[in-house]
Amino acid sequence: MRQGILLYGPPAAGKDTITAALTELDERYVLFTRLKIGTGKTRGYRMGTPEQLTALEARGDVIYRNDRYGNIYVVDRPGLDQAAMEGGKTPVVHLGQMAGIEKVTALYPARWVRVLLWCSKETTARRSPQRGDTDTAARLAAWDATLADLAAHPRAQWELRVETDATAPHETAQRIDDIVRTTPPRS
């Protein structure tokens, strides 16, 4: 069965950093590049058009869509099928909404390892400009929204919870890899 990793957490919690550590650990781990319709940061995204989004929606290929920072971000079936899961790869999907976790696990058949990455709001405030964000205030509002989202889902199940303020990225990656290799994740 196909396998994937879902990294959930607020902005600047370390999703990119942990993914980089995973890809260094094992080449089968690959970042799932979400489709982005909009402007701003392009690294880590497949840039798309409103017409592409309309076509994906018409075919029922949008697994999860969220609108944030004036952009649209999409987890799409063709992206997971072709770009991420082929050849035994294990995609690492970044999400900041519990609805995304629920949709991906319900609508895309795979064995998903769910990882909660967390950091303090102060850490997000410090890391955001360090990584080049020009909209730190919006990232802090998203941090608040993520905290509220998590509180609204007290029964959410995680294979791993990590405080990224206190845990080194390579250690987190190793712990995730151990789970992927030894524990059959919930499907």
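Residues numbered from 1 in each chain as written. Predicted model: local features only at pLDDT ≥ 70, side-chain atom pairs only at ≥ 80, totals over all residues. Heavy atoms only, no water.

**A look at the overall build of the chain**
A count of helices and strands for the chain gives seven helices and nine strands. At 16 Å, the chain has a C-alpha radius of gyration in line with the 16 Å of a compact globule built from 187 residues. The principal-axis extents of the C-alpha atoms in the chain amount to approximately 40 × 40 × 30 Å. Buried residues in the chain amount to 49% of all 187 residues. Excluding contacts between residues fewer than 6 apart, the proportion of contacts in the chain whose partners are at least 24 apart in sequence is 71%. On the chain, roughly 9000 Å² of surface is accessible, and the fraction owed to carbon and sulfur atoms is 51%. (Helix = DSSP H or I, 4+ residues; strand = E, 2+ residues; numbered from the N terminus. Rg over C-alpha atoms; globule rule 2.2 N^0.38 Å. Buried < 20%, exposed > 50% of the residue type's maximum accessible area, 1.4 Å probe, protein only. Contact = heavy atoms within 4.5 Å. Areas by Shrake-Rupley, 256 points an atom, 1.4 Å probe, with all protein chains shown as cover.)

**Some thoughts on the packing of helix α1 (residues 15-25) against helix α7 (residues 169-182)**
With their axes 8 Å apart at the nearest point, α1 and α7 run at an angle of 65 degrees to one another. Taken as a pair, α1 and α7 cross one another with a handedness that is right-handed. Of α7, the residues touching α1 (which contributes T17, I18, A21, L22 and L25) are P169, H170, T172, A173, Q174, I176 and D177. Across the contact of α1 with α7, the residue classes tally to seven nonpolar, four polar and one charged. (Axes fitted to C-alpha atoms, helices over the stretch in contact; angles between N-to-C directions. Left-handed = near helix turned anticlockwise from the far one by under 90°. Nonpolar A, V, L, I, M, F, W, Y, C, P; charged D, E, K, R; others polar.)

**Focus: the sheet that holds strand β7 (residues 90-95)**
Spatially, the five strands line up as an open sheet ordered β2-β7-β1-β8-β9, and their pairing is parallel. Lying at the two open borders of the sheet, with one neighbouring strand each, are β2 (29-31) and β9 (160-163). Averaged over all neighbouring strand pairs, the angle between strand axes comes to 25 degrees, with direction disregarded. In the packing of α1 onto the sheet, the strands contacted are β1 (3-8), β2, β7 and β8 (111-118), and the crossing angle to β7 comes to about 170 degrees. (Pairing = 2+ DSSP bridges.)

**A look at unusual backbone geometry**
At A12, a residue that is not glycine, the phi angle is positive and equals roughly 65 degrees. Considering the arrangement of structural elements, one finds A12 in the loop between β1 and α1. On the basis of relative accessibility, which here comes to 6%, the residue A12 falls in the buried class. Of note, the phi angle at Y69 is positive, near 60 degrees, even though the residue is not glycine. For Y69, the position within the fold is in the loop between β5 (62-68) and β6 (71-76).

**Details of the sheet that holds β6**
Strands pair in a sheet through their backbones, by hydrogen bonds, and they do so in one of two ways: parallel or antiparallel. With mixed pairing, four strands are arranged side by side in an open sheet as β4-β3-β6-β5. Lying at the two open borders of the sheet, with one neighbouring strand each, are β4 (45-47) and β5. Averaged over all adjacent pairs, the angle separating strand axes in this sheet is 30 degrees, with direction ignored. Here strand β3 (residues 34-37) runs beside β6; their pairing, made up of three bridges, is antiparallel. What sits directly across from I37, in β6, is I72. Those strands touched by helix α2 (residues 50-59) are β3, β4, β5 and β6, and its axis lies near 140 degrees from that of β5. Taken strand by strand, helix α4 (residues 98-107) contacts β5 and β6, and its axis lies near 170 degrees from that of β5.

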